[in-house]
Amino acid sequence: MNPRVLLGVNIDHVATLRQARGTRYPDPVQAALLAEEAGADGITIHPREDRRHIQDRDVLLLKEVLQTKMNLEMAVTDAMLAFAEQVRPECVCLVPEKREELTTEGGLDVDGQESRVAKACERLGRIGAEVSLFIDPDPLQIDAAVRCGAPVVELHTGEYAEAETPEAVDAAFRTIAEAVAYARKKGLVVNAGHGLHYHNTERVAAIAGINELNIGHAIVARAVFTGLKDAVRDMKAILDQARNRA
Ligand SMILES: CC(=O)[C@@H](O)[C@H](O)COP(=O)(O)O
Ligand SMILES: NCC(=O)COP(=O)(O)O
């Protein structure tokens with residue numbers, strides 16, 4: 001377990017801006033290199049089935065140039081598994097995907113499709129990728145992840161991020177903290193992410209047992225005003241502060 005919380009910077013929404021106009025800019029490859037220079041511990045990308053933001057070209061170029069690690073988020077489909085075998089990323093995070101959703105609405109139902117997920121984990125293990133499962137903070141899903149042989153889970157923090165009252169925020173936070181403790185007891189490495197921003201991240205980063213947070217939208221949004229390097233540094237400072245206070 002790392003003494004500090006690692007920051008995976010998700011650069012999907014740099015590509016969202018590019019795809020909005022079909023231009024060559026802004027280039028997520030350039031964004032990834034700047035994020036690494038500013039201290040990102042890894043780069044997360046999610047080539048969706050509809051390729052609404054990250055393109056195959058981005059993934060292939062990033063694999064050539066990244067100095068840290070690529071965390072490839074992908075749906076559990078044959079096409080994506082074949083693509084991962086071509087790219088050979090350091091890490092793969094299996095996520096649920098709905099074509100019409102604005103963003104990933106929940107965690108992967110590992111318990112409900114165990115043999116499919118277990119086969120995907122095995123296939124990805126053969127290319128040496130560290131596999132993580134993007135799941136809701138739910139013991140049922142954690143147990144299923146263990147049975148699938150995944151070494152890592154990423155807990156979906158969306159419910160916490162979207163909660164609208166202090167009571168709902170606290171309840172969602174407790175659910176995450178309990179899930180982290182449970183997953184650690186089961187021997188899993190525990191990451192988390194989704195909807196985290198500059199005002200709600202410190203509390204999650206302070207949970208003992210959290211290894212890495214993957215954060216994208218908020219960092220790219222801040223970068224519009226501060227530049228990407230400062231946006232990454234500001235988020236890293238929050239992670240470091242949380243660990244120092246814990
Ligand atoms: C899997 C997840 O929660 C995020 O990485 C998400 O994939 C970011 O991309 P979208 O905003 O397209 O959902
Ligand atoms: N897996 C979560 C992620 O990569 C970042 O999600 P978001 O910060 O863009 O919501």
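Because the structure is predicted, anything quoted here is derived from the model rather than measured. (Residues numbered from 1 in each chain as written. Chains lettered and ligands numbered in written order. Predicted model: local features only at pLDDT ≥ 70, side-chain atom pairs only at ≥ 80, totals over all residues. Heavy atoms only, no water.)

Digging into the packing of helix α5 (residues 114–126) against helix α6 (residues 139–148)
We apply this condition: Think of each axis as a best-fit line through the C-alpha atoms, taken over the contacting stretch in the case of a helix, with angles from 0 to 180 degrees between the N-to-C directions. Per the convention used, a helix needs a DSSP run of H or I reaching at least four residues, while a strand needs a run of E reaching at least two, with both numbered from the N terminus. Each angle is binned into one of four classes, with values under 35 degrees roughly parallel, values over 145 roughly antiparallel, values of 65 to 115 roughly perpendicular, and all other values oblique. In this scheme, a crossing is called left-handed if the near helix is turned counterclockwise away from the far one by less than a right angle; it is called right-handed if the turn is clockwise. The criterion used for residue contact is that any of the two residues' heavy atoms lie within 4.5 Å. Each residue gets one of three labels, nonpolar for Ala, Val, Leu, Ile, Met, Phe, Trp, Tyr, Cys and Pro, charged for Asp, Glu, Lys and Arg, and polar for the others, Gly among them.
Closest axis-to-axis distance for the α5/α6 pair is 9 Å, and the angle between their directions is 45°. The orientation of α5 relative to α6 falls into the category oblique. Read as a crossing pair, α5 and α6 show a hand that is right-handed. Residues Glu 114, Val 117, Ala 118 and Cys 121 of α5 touch α6, and the partners they reach there are Ala 144, Arg 147 and Cys 148. A class-by-class count of the residues in the contact of α5 with α6 yields five nonpolar, no polar and two charged.

Details of the side chain of His 156
The condition is simple: Pairing of N or O atoms within 3.5 Å defines a polar contact, subject to two protein rules: one partner must be a possible hydrogen donor and the other a possible acceptor, and residues neighboring in sequence count only if both atoms are side-chain atoms.
Here His 156 shows up in strand β6 (residues 152–156). Here the side chain of His 156 touches Thr 104 through a polar contact of 3.0 Å, landing on its backbone oxygen. Beyond its immediate stretch of four places on either side in the chain, His 156 contacts Thr 104, Glu 105, Gly 106, Gly 107, Phe 134, Ile 135, Asp 136, Pro 137, Gly 193 and His 194.

Thoughts on the layout of surface pockets
Once rolled over the atoms, a probe with the size of a water molecule shows which space is left empty. So the rule is basically this: Buriedness of a pocket was judged along seven lines, with at least five required to meet protein on both sides within 12 Å; pockets are open sets of points on a 1 Å grid over the protein atoms alone, cavities are sets where a 1.4 Å probe fits but cannot get out, and lining residues have an atom within 4 Å of a point. Grid points are joined across faces, edges and corners, and a volume is the space filled by probe spheres set on the points.
Approximately 550 Å³ is the volume found for the largest pocket. If you trace the largest pocket, you find 27 residues lining it, with His 13, Thr 103, His 194, Gly 195 and His 217 closest to the centre. Listed by contribution, the elements that provide at least two residues to the lining of the largest pocket are α1 (12–21), α7 (158–162), β8 (210–215) and α10 (217–226). Sorting elements by how many residues they give to the lining of the largest pocket places α1 first, with three residues. Taken as a whole, the second largest pocket holds about 180 Å³ of empty space. Along the walls of the second largest pocket sit Val 14, Leu 17, Pro 26, Asp 27, Gln 30, Ala 31, Leu 34, Val 220, Ala 223, Val 224 and Leu 228, which together make up its complete lining. Mapped by element, the contributors of at least two residues to the lining of the second largest pocket are α1, α2 (28–37) and α10. Looking at the lining of the second largest pocket, its residues break down into nine nonpolar, one polar and one charged.

Things to note about the site of ligand 1
Using the following cut-off: Nearness here has a simple test: a residue counts as near a molecule or strand if at least one of its heavy atoms is within 4 Å of that partner. For every accessible area listed, the method is Shrake-Rupley and the probe measures 1.4 Å; residues are considered covered only by the protein chains on display. A molecule is counted as occupying a cavity or pocket when more than half of its atoms fall within 2 Å of that pocket's grid points.
For ligand 1, the full set of nearby residues is Asn 10, Asp 12, His 13, His 46, Arg 48, His 53, Glu 73, Val 95, Thr 103, Thr 104, Phe 134 and His 194. Here an oxygen atom of ligand 1 sits 2.8 Å away from a polar atom, N or O, in the side chain of Arg 48. Between ligand 1 and Thr 104, the relevant distance is 3.3 Å, taken from an oxygen atom to a main-chain nitrogen or oxygen of the residue. Calculation on ligand 1 without its partners gives an accessible area of 350 Å², and the protein chains cover 93% of this total. Placement of ligand 1 is best described as lying within the largest pocket. When the residues that make up the shell around ligand 1 are grouped by side-chain class, the tally is two nonpolar, seven polar and three charged.

Looking at the environment of Pro 28
The following threshold applies: Three exposure classes are used, based on accessible area relative to the maximum for each residue type with a 1.4 Å probe and protein chains only: buried under 20%, partly exposed in between, and exposed over 50%.
Tracing the chain through its elements places Pro 28 in helix α2. A relative accessible area of 0% places Pro 28 in the buried class. If we ignore the near neighbours within four places in the chain, the residues touching Pro 28 are Ile 11, Val 14, Ala 15, Arg 18, Ile 54, Asp 58 and Leu 62.

Overview of the pairing of strand β3 (residues 70–74)
Short version of the rule: For two strands to count as paired, DSSP must find a minimum of two bridges between them. Here, the term right-handed applies to a crossover whose path from the first strand over the helix to the second runs clockwise when the strands point away from the viewer.
Extensive coverage of β3 is indicated by the burial of five of its five residues. Because side chains alternate across β3, one face comprises the buried residues Met 70, Leu 72 and Met 74, and the other comprises Asn 71 and Glu 73, equally buried. Judged from the three bridges that link them, strand β2 (residues 42–45) and β3 form a sheet pairing that is parallel. Within β3, the position partnered with Thr 44 by the bridge is Asn 71. The parallel pair β2 and β3, bridged by helix α3 (residues 56–65), forms a crossover whose chirality is right-handed. Here β3 runs beside strand β4 (residues 91–94); their pairing, made up of four bridges, is parallel.

Focus: the UniProt feature "active site" (unreviewed entry) in the chain
Put simply, the test is: UniProt positions are given in the numbering used here, feature names are shortened, and annotations may be inferred rather than shown by experiment.
As recorded in UniProt, the sites labelled "active site" (unreviewed entry) are His 46, Glu 73 and His 194. For the residues just named, distributed over 149 residues, the greatest C-alpha separation is only 12.5 Å, placing them together at one site. Cross-referencing the annotated residues with the largest pocket identifies His 46, Glu 73 and His 194 as lining it. With respect to the element layout, His 46 can be found in the loop between β2 and α3. Apart from the residues within four sequence positions on either side, His 46 is in contact with Asp 12, His 53, Ile 54, Glu 73, Val 95, Glu 97 and Thr 104. Relative to the elements of secondary structure, Glu 73 occurs in strand β3. For Glu 73, a relative accessible area of 8% corresponds to the buried category. Each residue touching Glu 73, except ones within four places of it in the same chain, is listed here: Asn 10, Thr 44, Ile 45, His 46, Pro 47, Cys 93, Val 95 and Glu 154.

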